[in-house]
Amino acid sequence: MKRRYFILSLVIIVLLNMAVQWWFFRWDMTTDRRYSVSEATQTMLRSLDKPVSVTLYLDGSLNAGFLRLRNAMTELLDELGVYADIAYKTTDPQQLTEKQQQALQQSLLQKGYRPTAIYETDKDGRQLQTIVYPYALVEYDGRTAYLNLLQNNRQNSGAENLNHSIEALEYTFAEGLATLAQKERYKVAFLEGHGELPEQSTMDLQTALAQYFDIYRGAITTAGDCLDAFRVVIVADPQEPFTDEEKYVLDQYLMRGGRILWVMNGVRFSENVLTDEGYTPVIPLDLNLTDMLFRYGIRINPRLVQDVQCLPIPVDISTGGEPQYQPMPWYYAPLLLTSYGSPITRNLMQVSATFASDLEFVGDGEGQEREVLLATSNASRLIGTPAEVNLSDLHADLQLFQWGYVPVGASIRGVFPSLYAHLAKPEAVQDERTTATSSAETKQVFVAAGSAIRNEWQNGQPLPLGYDRYSKVQFGNRDFFVNAVLYLSDDTGIISLRQKTMRLRMLNDKAVRQKRAVYQAVSIGLPLLLLAVAGAVVVLIRKKKYQS
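Here the residue numbering is sequential within each chain, running from 1 through the sequence in written order. Under the rules for a predicted model, residues below a pLDDT of 70 receive no local features and side-chain atom pairs below 80 are neither given nor counted, while totals for whole chains, interfaces and linings still include all residues. For the side-chain quantities, the full set of heavy atoms in the structure was used; hydrogens and water were omitted.

A. A look at the overall build of the protein chain. Secondary structure elements follow DSSP: runs of H or I of four or more residues count as helices, runs of E of two or more count as strands, with numbering from the N terminus. The helix and strand tally for the protein chain stands at 13 helices and 27 strands. Its C-alpha atoms give the protein chain principal-axis dimensions of roughly 105 × 70 × 55 Å. Put simply, the protein chain has 548 residues, and 45% of those count as buried. Long-range contacts, defined here as pairs at least 24 residues apart, represent 76% of the contacts in the protein chain between residues at least 6 apart. The centroid of the 53 positive side-chain charges in the protein chain is displaced by 16 Å from the centroid of its 61 negative side-chain charges. Accessibility here uses a 1.4 Å probe with only protein chains present; expressed as a share of the type maximum, an area under 20% marks a residue as buried, one over 50% as exposed, and anything in between as partly exposed. Note on definitions: a residue-residue contact is assigned when non-hydrogen atoms from the two residues lie within 4.5 Å. Think of it this way: Lys and Arg go in the positive column, Asp and Glu in the negative one, and His and the chain ends go nowhere. The atoms used to mark charge sites are NZ of Lys, CZ of Arg, CG of Asp and CD of Glu.

B. Looking closely at the sheet that holds strand β6 (residues 143–148). Within the open sheet, the four strands sit side by side as β2-β1-β5-β6. Their pairing is mixed. Each edge of the open sheet carries a strand with a single partner, namely β2 (86–90) and β6. Strand-to-strand twist of the sheet, defined as the mean angle between neighbouring strand axes without regard to direction, takes the value 20 degrees. Bridge count between strand β1 (residues 52–56) and β2: five bridges; the pairing is parallel. At least two DSSP bridges between two strands are required for those strands to pair. Only C-alpha atoms enter the line fits that serve as axes; for helices the fit covers just the stretch in contact. Angles between N-to-C directions range over 0 to 180 degrees.

C. Quick peek at the sheet that holds strand β21 (residues 387–390). Here three strands make up an open sheet; going across it, the order is β11-β12-β21 and the pairing antiparallel. With one partner strand each, in any of the chains shown, β11 (267–268) and β21 form the two edges of the open sheet.

D. Quick look at the nonpolar core. Membership of the largest hydrophobic core comes to 112 residues, with the highest contact counts inside it found for Phe 173, Ile 234, Leu 250, Trp 262 and Phe 481. In terms of residue count, the dominant contributor to this core is helix α11 (residues 477–489) (eight residues). Sequence-distant contacts of Leu 250, that is, excluding residues within four places in its chain, are made with Leu 191, Ile 220, Leu 227, Val 233, Phe 242, Ile 260, Trp 262 and Met 292. Ranked by size, the runner-up nonpolar core spans 18 residues in total, among them Leu 274, Val 282, Leu 304 and Tyr 332. Residue types Ala, Val, Leu, Ile, Met, Phe, Trp, Tyr and Cys, when buried and joined through side-chain atoms within 4.5 Å, form a set referred to as a nonpolar core.

E. Main features of a nonpolar patch on the surface. Each patch is assembled from residues with relative accessible area greater than 30% and no salt bridge, linking like charges that lie within 9 Å and nonpolar side chains (Val, Leu, Ile, Met, Phe, Trp, Tyr) that lie within 5 Å. To measure how exposed things are, a 1.4 Å probe is used in the Shrake-Rupley method; for residues, cover is taken only from the protein chains shown. Salt bridges are defined by distance alone: a side-chain nitrogen of Lys or Arg within 4 Å of a carboxyl oxygen of Asp or Glu. A cluster of nonpolar side chains, Val 518, Tyr 519, Val 522, Leu 526, Leu 529, Leu 530, Val 533, Val 537 and Ile 541, forms an exposed patch at the surface whose accessible area comes to about 820 Å². By secondary structure assignment, the location of Tyr 519 is in helix α13 (residues 516–547). In this structure Tyr 519 comes out as partly exposed when scored by relative accessible area, which is 41%.

F. Representation of the side chain of Thr 385 within the structure. Mapped onto the elements, Thr 385 comes out in the loop between β20 (380–384) and β21. Residues adjacent in sequence count toward polar contacts only when both atoms are side-chain atoms; beyond that, a polar contact is any pair of N or O atoms within 3.5 Å, and within protein one must be able to donate a hydrogen and the other to accept it. Among the polar contacts listed, one links the side chain of Thr 385 to the backbone oxygen of Pro 302, at a separation of 2.7 Å. Aside from chain neighbours lying at most four places away, what touches Thr 385 is Val 267, Val 282, Ile 283, Pro 284 and Pro 302.

G. Representation of the pairing of strand β19 (residues 368–375). Alignment of strand β16 (residues 325–338) against β19, held across two bridges, turns out to be antiparallel. What sits directly across from Leu 337, in β19, is Ala 375. The pairing of β19 with strand β22 (residues 407–414) spans seven bridges and is antiparallel. Along β22, the bridge assignment pairs Arg 370 with Ile 412.

H. Region of interest: the packing of helix α2 (residues 39–46) against helix α6 (residues 169–181). Closest axis-to-axis distance for the α2/α6 pair is 11 Å, and the angle between their directions is 35 degrees. Note on packing geometry: the crossing formed by α2 with α6 is left-handed. In contact with Thr 41, Met 44 and Leu 45 of α2, α6 contributes Glu 170, Ala 174, Leu 177 and Ala 178. Here the nonpolar group is Ala, Val, Leu, Ile, Met, Phe, Trp, Tyr, Cys and Pro; Asp, Glu, Lys and Arg are the charged ones; every other residue, Gly included, is treated as polar. Residue composition of the contact of α2 with α6, grouped by class: five nonpolar, one polar and one charged. Helix crossings get a hand from a simple test, with the near helix turned counterclockwise from the far one by less than a right angle marking a left-handed crossing and a clockwise turn marking a right-handed one.

I. Representation of the pattern of salt bridges. Evaluated as defined, the whole model comprises 17 salt bridges. A salt bridge links Arg 478 to Asp 204, with the nearest nitrogen and oxygen atoms 2.9 Å apart. Highlighted residues: Arg 478 in helix α11 and Asp 204 in helix α7 (residues 203–209), separated in sequence by 274 residues. With a relative accessible area of 10%, Asp 204 lands in the buried category. When salt bridges with common partners are traced through the structure, they connect Asp 49, Lys 50 and Lys 183 into a single cluster.

J. Broad picture of the side chain of Gln 42. Here Gln 42 lies in helix α2. In contact with Gln 42, other than residues within four places in its own chain, are Val 37 and Tyr 83.

K. Representation of the pairing of strand β9 (residues 232–236). Burial runs high along β9: five of the five residues are buried. The two faces of β9 match: Val 232, Ile 234 and Ala 236 on one face and Val 233 and Val 235 on the other face are all buried. Pairing analysis gives three bridges linking strand β7 (residues 187–192) to β9, with the strands arranged parallel. Counted as the bridge partner of Val 188 is Val 232 from β9. Note: β9 against strand β10 (residues 259–263), five bridges, orientation parallel. Bridging from a neighbouring strand, Val 233 pairs with Ile 260 of β10. Following the chain from β9 across helix α8 (residues 244–255) to the adjacent parallel β10, one finds a crossover that is right-handed. Look down the strands so they point away from you; if the path from the first strand over the helix to the second goes clockwise, the crossover is right-handed.

L. Highlighting α6. Helix span is expected to be 1.5 Å times the residue number reduced by one. For α6, built from 13 residues, the straight-helix expectation of 18 Å at 1.5 Å per residue is met to within 8% by its first-to-last C-alpha distance of 18 Å. Buried residues dominate α6, accounting for 12 of its 13 residues. Three or more residues of α6 are buried, namely Leu 169, Glu 170, Tyr 171, Thr 172, Phe 173, Ala 174, Glu 175, Gly 176, Leu 177, Thr 179, Leu 180 and Ala 181.

M. Summary view of unusual backbone geometry. Cis rather than trans, the peptide bond between Thr 385 and Pro 386 has omega equal to 5 degrees. Secondary-structure assignment places Pro 386 in the loop between β20 and β21. Phi is positive for Asn 288, close to 60 degrees, though the residue is something other than glycine. Residue position: Asn 288 is located in the loop between β12 (279–284) and α10 (290–296). Positive phi, normally seen in glycine, also occurs at Tyr 405, with a value near 55 degrees. With respect to the element layout, Tyr 405 can be found in the loop between β21 and β22.

So this is what it looks like as structure tokens:
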């Protein structure tokens with residue numbers, strides 16, 4: 001009988017071992033679901049029909065934080081390998097030949113990526129520098145892409161940045177792989193014909209977006225379907241009014257599921273006049289769009305925003321002789337706060353802008369999801385127009401800055417009513433389709449600061465979007481607009497992975513140093529003590545059993 005039970009148990013164990021090779025399961029019991037892969041990622045991976053190869057360059061002599069990031073990435077790749085054919089390897093760039101290292105650095109540089117220098121102090125007080133490559137090379141169906149695994153926000157500590165990097169790993173990999181696997185790339189259009197920013201002023205953003213989309217530029221025609229081929233349309237700081245025909249084409253594009261990124265001011269001013277004359281008049285900017293945007297649920301006000309949290313400008317404070325420049329706050333250049341709750345702005349640096357306006361939601365918002373993306377600090381001021389901006393006006397009365405968290409950027413998702421629900425179609429528009437009075441489910445993003453999307457130039461090269469030459473700080477403008485376009489174009493839900501949160505559980509360094517001996521004694525001695533107690537109990541039980 002015992003032999004029969006033994007054989008039956010052995011057979012069951014063998015069958016279970018064979019079954020688990022074919023049936024994958026995992027119980028994620030963490031409160032933040034850190035070991036769970038989203039349905040959107042699973043669906044994308046199951047759609048792949050070719051193997052994926054990943055080379056992880058985050059390897060070698062890593063500190064505890066970057067080692068945790070590397071381990072999190074390899075664990076994620078193991079998890080994703082359940083749903084697709086994914087093979088990966090880790091490579092220490094320091095072990096490559098000099099020629100291979102140069103080729104790797106050149107490839108990364110073409111994408112705007114550089115190795116990261118980590119400075120640490122050892123227990124003897126010596127400064128140590130380590131060069132790490134927080135990047136992964138993904139290859140699929142003959143296409144390749146480098147993924148940046150490190151979220152680097154100067155407002156956060158190193159531990160917080162590494163934690164946010166781990167939170168974003170699934171999104172980073174899923175979004176990058178989904179882009180490589182696209183059978184047909186989406187098209188994005190920058191509108192022209194209304195004094196919008198020229199191509200050189202949006203060059204850096206176009207380069208960043210070109211990793212994901214085919215980029216076009218052009219004017220709206222009278223053909224009603226001239227925008228239908230584009231997934232997203234970008235209106236970048238227009239200065240001249242839109243015609244009724246152009247408004248109709250834009251409106252019907254949105255009604256049929258198009259997505260629009262609006263970046264424009266509520267006021268007109270001249271930075272050239274300000275530079276040459278030291279002052280410039282500021283008047284309302286009429287683009288003939290107010291009624292249409294109001295219909296969609298947003299209003300860009302003809303006002304200027306001032307903020308105590310702003311960029312500095314160099315001011316000559318000398319009374320004669322050699323110039324002596326001193327940084328002074330330029331209240332017309334606010335550093336805009338980013339929303340923590342939106343997938344567009346989560347964990348982003350502040351967004352820099354100059355001469356921004358404010359916006360507000362209007363209407364009841366029925367059938368819409370509205371969210372503020374960018375806002376001023378808690379010490380702001382609104383200046384109505386007409387007004388005058390003067391470079392000598394650098395010492396504002398801070399008691400006038402009584403506004404707080406004034407919206408400058410927002411998103412609206414849902415159903416939009418058409419401006420032409422009760423208006424006739426302009427005669428010049430060539431479109432045989434019936435005018436749509438209500439939109440399909442779609443999205444729009446609004447930013448009331450045209451300067452936020454403009455890159456500067458230096459030595460014949462475009463500077464990164466959001467880079468301030470004076471403070472030498474890279475702000476979050478480029479990431480914001482790239483994320484905004486990805487959000488607008490996304491229907492899979494992958495962009496929502498940017499909202500994944502993992503609680504950061506940090507050790508108390510002071511307590512660790514003060515009680516190090518106690519912790520070592522407990523961690524080493526307690527298991528030994530428990531083992532000794534367990535052994536003594538077993539001996540006593542056996543002794544009592546056999547004595548009786």
